[in-house]
Amino acid sequence: MSQQPTSPVRLRSTLGGVPAYVPGKPAAPLEGVTAYKISSNENPYPPLPSVLDAVTEAAASMNRYPDMGVTELTAALSERLGVPATHLATGTGSVAVLAQLIAITCDPGDEVVYAWRSFEAYPIVVALAGATSVQVPLDADARHDLDAMAAAITDRTRLVLVCTPNNPTGPAVREDELRAFLAKVPQDVLVVVDEAYLEFTTEETVPDALAIYRQHPNVAVLRTFSKAYGLAGLRVGYAVAHEEVATALRKAATPFGVTDLAQRAAIASLDAYDELEVRVKELVAERERLVAGLREQGWEVPDAQGNFVWLPLGDEAVPFGQACQARGLTVRPFAGDGVRVTVAEPEATDRLLEVTQEWRSSR
Ligand SMILES: *Cc1c(COP(=O)(O)O)cnc(C)c1O
């Protein structure tokens, strides 16, 4: 192909500050061993037959646009959660709903406060909107420092993100500390509680975010079908928020973004939640086995409330990731900080515990 000319098109200057999302790598094939992808916090179980049937049926109408109002899924969520349909807004994954949340609250230069390290999509969606990230370091236990986050709020703050359980480190915030935090946040600042991993939590102190949203007009709850519901590939998530916020969110959504396949799959998954919950419980049991195994080997891992575990390896994060890769395990290293491993098949846990044991013995 001939050399293409450089494009003179003027792009937004804010793009320079947008970090690239690093997706979890696919499992790398390795001769003679089963490879496991434990790098993206996906659900390792294949879709339930009932969900697959619903999607297959919906596929026959893919020449048509989906229902733009996402009416049936919204109605199903409304009933399930006990919130008015007018308080719901869906999107193509909760990451898209998050981008909508920033689009409806932030003018260029406005600030979004969140803990760091946290979900790597946060700095991307904030920068893309031309808003400014204010990252508040996690505490020594890899938990949100909500006092410091409250102190970081300024006149320019429009949004605060609370990721609970926190991806990638694992701990959830406690109800009492979240309530104390909210008492300090100005009423016109939106606080978004990102509960992508809610279904995996086991701590009694985990907040009832829906109850908190009911009492606080400036609180929104962000949820997804990607993790516990196992629909990561179909892209559907939602926010629960007070009417003015939810209405604005629907305005900011990509028209026809949530496909009919995704809507059908989400409804079928809500209907089949009892079956899905069995899998969630198995993953939680697997998580407990992994955490116990690691601690027995002497690893200091933070409380793990999601479907993943954080290994605070610091500068050894990348070499550890390579050691895992050499054994057919694709994990998610964050250079200089730590490694996140997704809880998946028991065989993946067994192999990971071998690698972590060898790693410790070799140091
Ligand atoms: C995975 C994840 C999401 C969900 O992303 P989707 O776009 O719904 O797939 C949201 N927040 C956090 C913290 C996550 O880890």
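Residues numbered from 1 in each chain as written. Predicted model: local features only at pLDDT ≥ 70, side-chain atom pairs only at ≥ 80, totals over all residues. Heavy atoms only, no water.

Participant: I'd like to hear about the sheet that holds strand β8 (residues 237-240), residue by residue, with values.
Facilitator: Pairing in this open sheet of seven strands is mixed, and the strands run β2-β8-β7-β6-β5-β3-β4 from one edge to the other. The open sheet is flanked by β2 (88-91) and β4 (132-137), the only strands paired with a single partner. Each strand axis lies, on average, 25° off the axis of its neighbour in the sheet, ignoring direction. Direction of pairing for strand β3 (residues 111-116) relative to strand β5 (residues 157-163): parallel, over a ladder of four bridges. Paired with valine 112 across the two strands is leucine 159, which belongs to β5. (Pairing = 2+ DSSP bridges. Helix = DSSP H or I, 4+ residues; strand = E, 2+ residues; numbered from the N terminus. Axes fitted to C-alpha atoms, helices over the stretch in contact; angles between N-to-C directions.)

Participant: Tell me about the UniProt feature "domain: Aminotransferase class I/classII large" (unreviewed entry) in the protein, residues and numbers included.
Facilitator: Taking the UniProt record as the reference, the feature "domain: Aminotransferase class I/classII large" (unreviewed entry) is found at residues 38-353. Helix makes up 41% of residues 38-353 and strand 16%, and the two end C-alpha atoms of the span are 13 Å apart. (UniProt positions renumbered as here; feature names shortened; annotations may be inferred.)

Participant: Tell me about a nonpolar patch on the surface, and name the residues and values.
Facilitator: Taken together, the side chains of Val9, Leu11, Leu15 and Leu128 make up a nonpolar region of the molecular surface, amounting to roughly 390 Å² of accessible area. Along the polypeptide, leucine 11 turns up in the segment before β1 (36-37). Exposure remark for leucine 11: the relative accessible area of 65% places this residue in the exposed category. (Patch = residues over 30% accessible without salt bridge, like charges linked within 9 Å, V, L, I, M, F, W, Y side chains within 5 Å. Areas by Shrake-Rupley, 256 points an atom, 1.4 Å probe, with all protein chains shown as cover. Salt bridge = Lys/Arg side-chain N within 4 Å of Asp/Glu carboxyl O. Buried < 20%, exposed > 50% of the residue type's maximum accessible area, 1.4 Å probe, protein only.)

Participant: Residues and numbers for the pattern of salt bridges, please.
Facilitator: Under the criterion given, the structure shown has 20 salt bridges. Between glutamate 354 and arginine 327 there is a salt bridge; the shortest N-O distance is 2.8 Å. Remark: arginine 327 occurs in the loop between α11 (317-326) and β10 (329-330) and glutamate 354 occurs in helix α12 (residues 346-361); sequence separation between them is 27 residues. With a relative accessible area of 40%, glutamate 354 lands in the partly exposed category. Its relative accessible area of 24% is what places arginine 327 among the partly exposed residues. Because the salt bridges share partners, they merge into one network encompassing Arg143, Arg174, Asp176 and Glu177.

Participant: Run through the site of the ligand, naming residues and quoting values.
Facilitator: Within the structure, the ligand sits among 13 residues, and Ser94, Tyr197, Thr224, Ser226 and Lys227 are positioned closest to it. The contact in question runs from an oxygen atom of the ligand to an N or O atom on the side chain of lysine 227, over 3.3 Å. Between an oxygen atom of the ligand and a side-chain N or O atom of arginine 235, the distance comes to 2.6 Å. If the ligand stood free it would expose 390 Å²; the protein chains cover 94% of that surface. For the shell around the ligand, the residue count by class is five nonpolar, five polar and three charged. (Near = heavy atom within 4 Å. Polar contact = N/O pair within 3.5 Å; in protein donor to acceptor, adjacent residues only side chain to side chain. Nonpolar A, V, L, I, M, F, W, Y, C, P; charged D, E, K, R; others polar.)

Participant: Pulling in residues and values, what's your account of the pairing of strand β12 (residues 338-342)?
Facilitator: Across the five residues that make up β12, a large majority, five, are buried. Side chains Gly338, Arg340 and Thr342 project from β12 onto one buried face, and the interleaved Val339 and Val341 project onto a second face that is buried too. The sheet contact formed by strand β9 (residues 308-311) and β12 spans four bridges and is antiparallel. Considered in β12, the bridge of valine 309 is made with valine 341. As judged from the three bridges shared by strand β11 (residues 332-334) and β12, these two strands associate in the antiparallel manner. By the bridge assignment, arginine 332 is partnered in β12 with arginine 340. In sequence, β11 turns back onto β12 through a hairpin of three residues, with glycine 336 there showing a positive phi of about 80°.

Participant: Can you explain helix α1 (residues 49-59)? Please cite residues and give values.
Facilitator: Buried within α1 we find Val51, Ala54, Val55 and Ala58. All buried residues of α1 fall inside an arc of 95° around its axis, so they share one side. Among the exposed residues of α1, those pointing more than 90 degrees away from its buried face are Pro49, Asp53, Thr56 and Glu57. Of the surrounding secondary structure, the elements contacted by the buried residues of α1 are α9 (260-271). (Arc of directions from axis to C-beta. Contact = heavy atoms within 4.5 Å.)

Participant: Describe the packing of α11 against α12, naming the residues involved and giving the relevant values.
Facilitator: Interaxial distance between α11 and α12 falls to 10 Å at its minimum, and their mutual angle equals 130°. It follows from the interaxial angle that α11 and α12 lie oblique. Regarding α11 and α12, the two cross each other, and that crossing is right-handed. On α12, the residues that touch Pro319, Phe320, Ala323 and Cys324 of α11 are Leu352, Val355, Thr356 and Trp359. Among the residues forming the contact of α11 with α12, the class breakdown is seven nonpolar, one polar and no charged. (Parallel < 35°, antiparallel > 145°, perpendicular 65-115°, else oblique. Left-handed = near helix turned anticlockwise from the far one by under 90°.)

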